[in-house]
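In case you want the letters, here they are:
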Amino acid sequence: MPGEKDLNTLLKTMRPALNPGDFVFCVLPSLHVIDLNEVLLLFKEAEGYTVIVSKELADDLQLEYSFVAAWITLSVHSALDAVGLTAAFSHALAAGGISCNVVAAFYHDHIFVDKKDAEKAMEILWQLAQLAA
């Protein structure tokens, strides 16, 4: 099933969901120190492997991190070539003083915000959806 491309439909049906837990971004020089089944995201950069994992796992493995995030999933199935969704929600969050780190996966967009901003971010995203409806 193809993903949704219409921006108005994406916004009014995005249904943000706050996932339980605390999440962190870490950089690893190699992958031998971690079980990939416990990794939420893996991205290879020139400087090393960026992973998003639970804070609990990072603490257990004594991995360094500087940012503890809440993870919000937009439940709408967005097309990878849809235009404007990221701009719309990142602009709304920025207007609320909230920084976001975005991952576009095959089915859904995932937003990582500072843990302390999770509830405010959810309110902003729901308001944005209601404005589009």
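Structure first, text after, so check above.
Residues numbered from 1 in each chain as written. Predicted model: local features only at pLDDT ≥ 70, side-chain atom pairs only at ≥ 80, totals over all residues. Heavy atoms only, no water.

Thoughts on the overall build of the chain
Of regular secondary structure, the chain possesses four helices and six strands. The order of α-helices and β-strands along the chain, N terminus first, is α-β-β-β-α-β-α-β-β-α. In terms of overall dimensions, the chain has a C-alpha envelope of 45 × 35 × 25 Å along the principal axes. For the chain, restricting intrachain contacts to residue pairs at least 6 apart in sequence, the fraction spanning at least 24 positions comes to 72%. Counting every atom, the chain has about 7700 Å² of accessible surface; 55% of that belongs to carbon and sulfur. (Helix = DSSP H or I, 4+ residues; strand = E, 2+ residues; numbered from the N terminus. Contact = heavy atoms within 4.5 Å. Areas by Shrake-Rupley, 256 points an atom, 1.4 Å probe, with all protein chains shown as cover.)

Remarks on a nonpolar patch on the surface
Taken together, Leu-80, Phe-106 and Tyr-107 make up a surface patch of nonpolar side chains, about 370 Å² in accessible area. Along the chain, the position of Phe-106 falls in the loop between β5 (100-104) and β6 (109-114). (Patch = residues over 30% accessible without salt bridge, like charges linked within 9 Å, V, L, I, M, F, W, Y side chains within 5 Å. Salt bridge = Lys/Arg side-chain N within 4 Å of Asp/Glu carboxyl O.)

Digging into helix α3 (residues 85-95)
Within α3, burial applies to Leu-85, Phe-89, Ala-92 and Leu-93. Viewed along the axis of α3, the buried residues span an arc of 100°, placing them on a single side of the element. Opposite the packed face of α3, turned more than 90 degrees from it, sit the exposed residues His-91, Ala-94 and Ala-95. Against α1 (7-12), β4 (68-74), β5, β6 and α4 (118-132) lie the buried residues of α3. Two residues or fewer past α3, Gly-97 is found with a positive phi of approximately 75°. (Buried < 20%, exposed > 50% of the residue type's maximum accessible area, 1.4 Å probe, protein only. Arc of directions from axis to C-beta.)

Some thoughts on the sheet that holds β6
A sheet is described by the order of its strands in space; here six strands give the open sequence β2-β3-β1-β4-β6-β5, paired in antiparallel fashion. The sheet is open, and its two edges are formed by β2 (41-45) and β5, each paired on a single side. Averaged over all pairs of adjacent strands, the angle between strand axes in this sheet comes to 30°, irrespective of strand direction. Here strand β1 (residues 16-28) runs beside β4; their pairing, made up of six bridges, is antiparallel. In the sheet register, Leu-18 faces β4, and the bridge partner there is Ile-72. (Pairing = 2+ DSSP bridges. Axes fitted to C-alpha atoms, helices over the stretch in contact; angles between N-to-C directions.)

Observations concerning the side chain of His-77
As for its position among the elements, His-77 is in the loop between β4 and α3. Those residues within four positions of His-77 in sequence are excluded, and the remaining contacts are Met-1, Pro-2, Gly-3, Glu-4, Phe-106, Tyr-107 and His-108.

Overview of the nonpolar core
In terms of nonpolar packing, the biggest core is built from 22 residues, with Met-14, Phe-89, Leu-93, Ile-111 and Leu-125 touching the most fellow members. Mapped onto this core, the elements with two or more residues apiece are α1, β4, α3, β6 and α4. Here this core gets eight residues from one element, more than from any other, and that element is α4. Once residues within four sequence positions are removed from consideration, Phe-89 is found in contact with Leu-74, Val-102, Ile-111, Leu-125 and Leu-128. By size, the runner-up hydrophobic cluster in this structure holds ten residues, among which are Val-24, Cys-26, Val-53 and Ala-58. (Core = buried A, V, L, I, M, F, W, Y, C linked by side-chain atoms within 4.5 Å.)

From the geometry alone we can't say anything about function, so treat these as descriptive.
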